[in-house]
Each structure stands twice: as structure tokens, then as C-alpha cells.
Amino acid sequence: MTAFSNKYIANTDTKYCTDLSIPAVVIKGLAEHKVSLGAPLCPCRYYEDKEKEAKDGFWNCPCVPMRERHECHCMLFLTEDNAFAGEETEITYDDVVDLSGGAKM
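Novice: Before we go on, may I ask you to explain the state of the cysteines in this structure?
Specialist: Put plainly, a disulfide is one covalent bond tying together the sulfur atoms of two cysteines. Counting across every chain of the model gives 0 disulfides. Here Cys 17 is not cross-linked by a disulfide; its sulfur's nearest cysteine counterpart is in Cys 72, at 11 Å. Residue classification places Cys 17 among the buried residues on the basis of a relative accessible area of 2%. Cysteine Cys 63 is unpaired, with the sulfur of Cys 72 as its nearest cysteine sulfur at 6.2 Å.

Novice: Is there a simple way to explain the nonpolar core in this structure?
Specialist: Nonpolar side chains in soluble globular proteins tend to end up buried together. By size, the foremost hydrophobic cluster in this structure holds 21 residues, and its most contacted members are Tyr 16, Leu 76, Phe 77 and Ile 91. Counting residues per element, the ones that place at least two in this core are helix H1 (2-12) and helix H2 (21-37). No other element matches H2, which puts 4 residues into this core. When residues no more than four places from it in sequence are discounted, the contact partners of Phe 77 are Phe 4, Ser 5, Tyr 8, Ile 9, Thr 14, Lys 15, Cys 61, Met 66 and Cys 72.

Novice: For this particular structure, what's the right way to read the environment of Thr 14?
Specialist: Considering the arrangement of structural elements, one finds Thr 14 in the loop between H1 and H2. If near-sequence neighbours (up to four positions away) are discounted, Thr 14 is found in contact with Tyr 8, Ile 9, Met 66, His 70, Phe 77, Leu 78, Thr 79 and Thr 89. Separated by 2.9 Å, the side chains of Thr 14 and Thr 12 make a polar contact.

Novice: Even after reading the chapter, I still don't get H2, so can you show me in this structure?
Specialist: Helical periodicity: at 3.6 residues per turn, an α-helix aligns residues three or four positions apart in one direction. Here H2 spans 24 Å end to end across 17 residues, near enough to the 24 Å set by a 1.5 Å rise per residue. Buried within H2 we find Pro 23, Ala 24, Val 26, Ile 27, Gly 29, Leu 30 and His 33. For H2, the secondary structure elements touched by its buried residues are H1, helix H3 (50-56) and helix H5 (93-99). Just past H2, the residue Gly 38 takes up positive phi, approximately 85°.

The rules we used
- Residues numbered from 1 in each chain as written.
- Predicted model: local features only at pLDDT ≥ 70, side-chain atom pairs only at ≥ 80, totals over all residues.
- Heavy atoms only, no water.
- Disulfide = S-S within 2.5 Å.
- Buried < 20%, exposed > 50% of the residue type's maximum accessible area, 1.4 Å probe, protein only.
- Core = buried A, V, L, I, M, F, W, Y, C linked by side-chain atoms within 4.5 Å.
- Helix = DSSP H or I, 4+ residues; strand = E, 2+ residues; numbered from the N terminus.
- Contact = heavy atoms within 4.5 Å.
- Polar contact = N/O pair within 3.5 Å; in protein donor to acceptor, adjacent residues only side chain to side chain.
- Expected span 1.5 Å × (residues − 1).

Rendered as C-alpha cells:
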């Protein structure tokens, strides 16, 4: 999910949050959902049925609001006009592990 996120940032001219622990935690959650659900379901929302939501696809990253309006509820992909947007356009796997509390084993 790190490579995907970096590529999406480059393709959409968006930035990561100034606090890199925010995208790190989101990327970790997306990766965990990709493994457990087969799709990168947004980890920042509550779902009654995660499997159903993952199959539906609306909240799979990049979600429909992000694709259509550049609105990322998770603050993973931020437009320049967002007060929390930093200058970072890349995050490494090691950054994600270090800043999100470690890899899930």
C-alpha cells in the first residue's frame, strides 16, 4: 500500500499530512484490510459489515469521494489548500512501520 499511496500522490498532485504518523497509520490500516478483506477498505470509517463494504467498493481506497472530489476523509491524500498538507510526497515502508506502532505479525 505504500507504493500505491506514493504513486497516487504523484498522479493526483496531492500531499501527505505534515504529521507523517497520520498517513502511516492509514496506510497500515489499508494494508491490513487488503490482506483480511481482499480490498483496501478505508480504515477510518465504521462498517456494520466490512466484507460487504469491501465488495461494494465505494469506500475502497481511493474511495469515490476522493476520486470524484479530491476529498479524503482519512487525511491520507491532501490537496494544497488543506491546512494540514505538508510537502511530503513519499513515505517509505520503514516510515509506515516506525510511525504506526510497528508491523502487525
